Structures are given as C-alpha cells and as structure tokens.
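# What the coordinates show
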Amino acid sequence: MSLEVLHQYEKSQICVLADKSLIRHPQWLALEALHEQPVLWLDVNEQTKSLETVTQIWDFLFANGITRRGLLICIGGGVLTDIGGFAAATYKRGIDYINIPTTLLAMIDASSGGKTGINYHGLKNSIGVFADPVQTILCPEWLTTLPVQQILSGFGEMLKTGLLDETLFPELMQYDLDHMDINAMTTLIHQCLDKKRTIVAADPREEGLRKALNLGHTFGHALEEIQMVNGQSSNGKWLHGYAVVYGLIAELYLSVTKLGCPREPLQQLTQMMLHYYGKPQCKCSDREQLIALMQQDKKNERTAQINCTLIRAVGSPVINQVITMDEANEAFDYLFSL
Ligand code: GLY
C-alpha cells in the first residue's frame, strides 16, 4: 500500500480516524508510517453515523491542532469513511481527507465519488455534502479476513454496478462466491470502480446520469431503514448490500413490468438472492411504513412521490421513474412472495 501522498503534509498535521475493530488487524499493524500519528478509534455501527460522532471527530481535530492544511486519514468501512469525510469536509470549511477502505462495500462504493454524510431523524444519509477524498487507497488484502456476510454485502453493490454495464454483469454472474479468488475479485473491483468513475465524472453532483448508481436503493434503503426504526440487530442479513440486493429485485421487477426489460437478469438475481442472501424478513404490516419511507427519500424531487432508477436492459438505465403506490405494492408482493 503506497502512502506517498502523506509527504505533501506536515507530520504534525496528519490525524487518523479508524474502526476500533481493526486495532490488531495485520494490515493496520503493517501501516507503521501511521502509528505515531494521533488516532481516534471509533466503535462503528449504523448508529455511529450521527451528529454526536461528527462532533467527537471535530473535537479530536481541534485537540490535535489541525489547521486548514491538515489531513484526516479514514480507515474502515463505508460508515466510517462517510462520517470521516463529512467531518473533514466541514471542519474549518474543509480539510483534505484520504480513504483507506477495509470492506468490499466501502471499496466498491462509499470510499469513492465524494458522497459524505450522516443519518438524521432515522433517515439514512439525509445530511451530507459532496467532497472528494484526495485519494482512495485500495488494498484488497483487507478482504482476506472479512466475514462472508460482508463480502456478500459488498457484492450486492457490485451487482448494482454490473446491471449498468453489459460486459460486467455476466462476469459478476460467473464469479464463484463460494471460493473467493482474491485476484479475480481485485479485477472485478477495478472494473466496478472504472464504471463508477465514468458515471461520476459525467455527473459529479447527481443531477442526472449519476442517479443510475441509485439502482436498487429506493426500495433497498426503505428496507434497511425499517431495520433501524425497528432497532433489530444486524445479524448479517441486513447489511447494506443485502438491502441493495432486495431493492434490486423489486426494481428489476418494475423494470420488467413498466419498461419491458427482459426477465433474465431478474431471474438470475432472484436465484442468486435465494442461494446466498436469503429472503427479506419484512412483514406485510410493514408495507405502509416502507412506502412512507420511500416517499421521504432524499432522492425524490417532489415530496410524497416515489422516484426510482430502473433499467430497460442490462447496461441501459432509465432515471427519474415515478412509481405509484400500487406499483410499489406489486413490487413488494413479488419480493416477499419469493
Ligand atoms: N452510492 C452511489 C453514488 O455514489 O452515487
């Protein structure tokens, strides 16, 4: 892992924010260049993405005399890089930050593209800013110690990216998740990142094309938020990427019924979900809450309207699709009947 970029900063101006669970991780122990810098170790879960944690990070930066020429290095998964990026982007009107993602989910999505933020009033990422890290340092060796559920969660975001690309999707479908080959996975990670980079470069502020990267997330976020609202513990089945897979299935179902997308990707993804991810656990009584959450989604341009990205075919996203309540219910019927 190259830390060349650190030479651009005074040593006294570099702070580290890291996930406490990595304190004895071999990859952290190998990062000797950082061991003398101040480190704020955070206990990380979805509740960590709060204003209280942001103030904790700001206090840490103040306590260490970080000026506007400072650097925050964020080491962890997507929750940590989202909140670290947000704290850095707002501290003294913005200091530099670097992401070192340690989970597949963060490598694929959260650590690049400049979206930072926190959850507020139970709504995911409802407060935040766009602020690019000066660098994202990828080191797939972090993946070798990752629990299988975390790999599956990251793979959920890879599947989303794959559905936006005719070449990538069949390659992801062929990847053998039962025997993770790190080299093949590294190649796929870079392909997903190239796809994301192309989209973000064309529309960094998500005014149009970038909304394609929200495929699966309108339904997915609502399912994920129900877990937060209900306070269920994360048992691996509700990691973000699992919710994205469920959301992809609901939104592919609507892609078929509303836009005439071929059924094959829906069938392939449904099979994959049943084999690896299990069924979503929502009850019918959750429906109203799910629909209300989708109506409040920050991606909507009008209140009380559900807005989704769908696909006409693999590689052909169609943004700004308005979904009626009947259509949303039909998609949930499909998903919950599997
Ligand atoms: N997570 C989707 C995006 O970065 O736009």
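In the block above lies the structure referred to throughout.
Read on for an overview of the structure. (Residues numbered from 1 in each chain as written. Predicted model: local features only at pLDDT ≥ 70, side-chain atom pairs only at ≥ 80, totals over all residues. Heavy atoms only, no water.)

## Some points on the pairing of strand S5 (residues 115-120)
The pairing of S5 with strand S6 (residues 123-130) spans five bridges and is classified as antiparallel. Note that in S6 the partner of Lys115 across the bridge is Phe130. Joining the antiparallel neighbours S5 and S6 is a turn of two residues, in which His121 adopts a positive phi near 50 degrees. (Pairing = 2+ DSSP bridges. Helix = DSSP H or I, 4+ residues; strand = E, 2+ residues; numbered from the N terminus.)

## Observations concerning the sheet that holds strand S1 (residues 14-19)
Taken in spatial order, the five strands line up as S2-S1-S3-S4-S7 in an open sheet, and their pairing is parallel. Taken across any chain shown, the strands that pair with only one partner, and hence form the sheet edges, are strand S2 (39-42) and strand S7 (135-136). Pairing geometry for S1 and S2, over four bridges, is parallel. Note that in S2 the partner of Leu17 across the bridge is Leu40. The sheet strands contacting helix H2 (residues 51-63) are S1, S2 and strand S3 (71-76), and the helix crosses S2 at an angle near 165 degrees. Sheet contacts for helix H3 (residues 78-90): S1, S2, S3 and strand S4 (96-101); angle to S3, the most-contacted strand, approximately 165 degrees. (Contact = heavy atoms within 4.5 Å. Axes fitted to C-alpha atoms, helices over the stretch in contact; angles between N-to-C directions.)

## Some details on the pattern of salt bridges
In the structure shown here, the tally under the stated rule is eleven salt bridges. Here Asp109 and Lys196 are joined by a salt bridge, their closest N and O atoms 2.9 Å apart. One end of the pair, Asp109, is in helix H4 (residues 104-110); the other, Lys196, is in helix H7 (residues 182-202), and 87 residues separate them in sequence. The residues Asp109 and Lys196 share a single accessibility class, namely buried. For Lys258, the salt bridge identified is with Glu327, shortest N-O distance 3.1 Å. With Lys258 in helix H9 (residues 240-259) and Glu327 in helix H12 (residues 325-336), this residue pair connects regions lying 69 residues apart in the sequence. Assessed through its relative accessible area of 18%, Glu327 is described here as buried. (Salt bridge = Lys/Arg side-chain N within 4 Å of Asp/Glu carboxyl O. Buried < 20%, exposed > 50% of the residue type's maximum accessible area, 1.4 Å probe, protein only.)

## Comments concerning the site of the ligand
All residues in the neighbourhood of the ligand are listed as Asp109, Lys115, Lys196, Glu206, Arg210 and Leu213. In this structure, Asp109 approaches the ligand through a side-chain N or O atom, which is 2.8 Å from a nitrogen atom. In this structure, an oxygen atom belonging to the ligand sits 3.0 Å away from a side-chain N or O atom of Lys115. Among the residues forming the shell around the ligand, the class breakdown is one nonpolar, no polar and five charged. (Near = heavy atom within 4 Å. Polar contact = N/O pair within 3.5 Å; in protein donor to acceptor, adjacent residues only side chain to side chain. Nonpolar A, V, L, I, M, F, W, Y, C, P; charged D, E, K, R; others polar.)

## Regarding the side chain of Thr116
In this structure, Thr116 sits in strand S5. Within polar-contact distance, the side chain of Thr116 engages the backbone oxygen of Val129 at 2.8 Å.

## Topic: the packing of helix H11 (residues 287-296) against H12
Between H11 and H12, the shortest axis-to-axis distance is 11 Å and the interhelical angle comes to 125 degrees. The angle between the axes of H11 and H12 places the two elements in the oblique class. Considering only the axes of H11 and H12, their crossing is right-handed. Contacts between H11 and H12 involve Arg287, Leu290, Ile291, Met294 and Gln295 on the former and, on the latter, Met325, Ala328, Asn329, Phe332, Asp333 and Phe336. When the residues that make up the contact of H11 with H12 are grouped by side-chain class, the tally is seven nonpolar, two polar and two charged. (Parallel < 35°, antiparallel > 145°, perpendicular 65-115°, else oblique. Left-handed = near helix turned anticlockwise from the far one by under 90°.)

## Here's the deal with the environment of Phe155
In this structure, Phe155 sits in helix H5 (residues 148-162). Spatially, the C-alpha atoms of Phe155 and Lys20 are 24 Å apart, while their sequence positions differ by 135 residues. Contact partners of Phe155, with chain neighbours within four places excluded, come to Leu104, Leu172, Tyr175, Leu177, Met185, Met272 and Tyr277.

The analysis is restricted to geometry; functional conclusions fall outside its scope.
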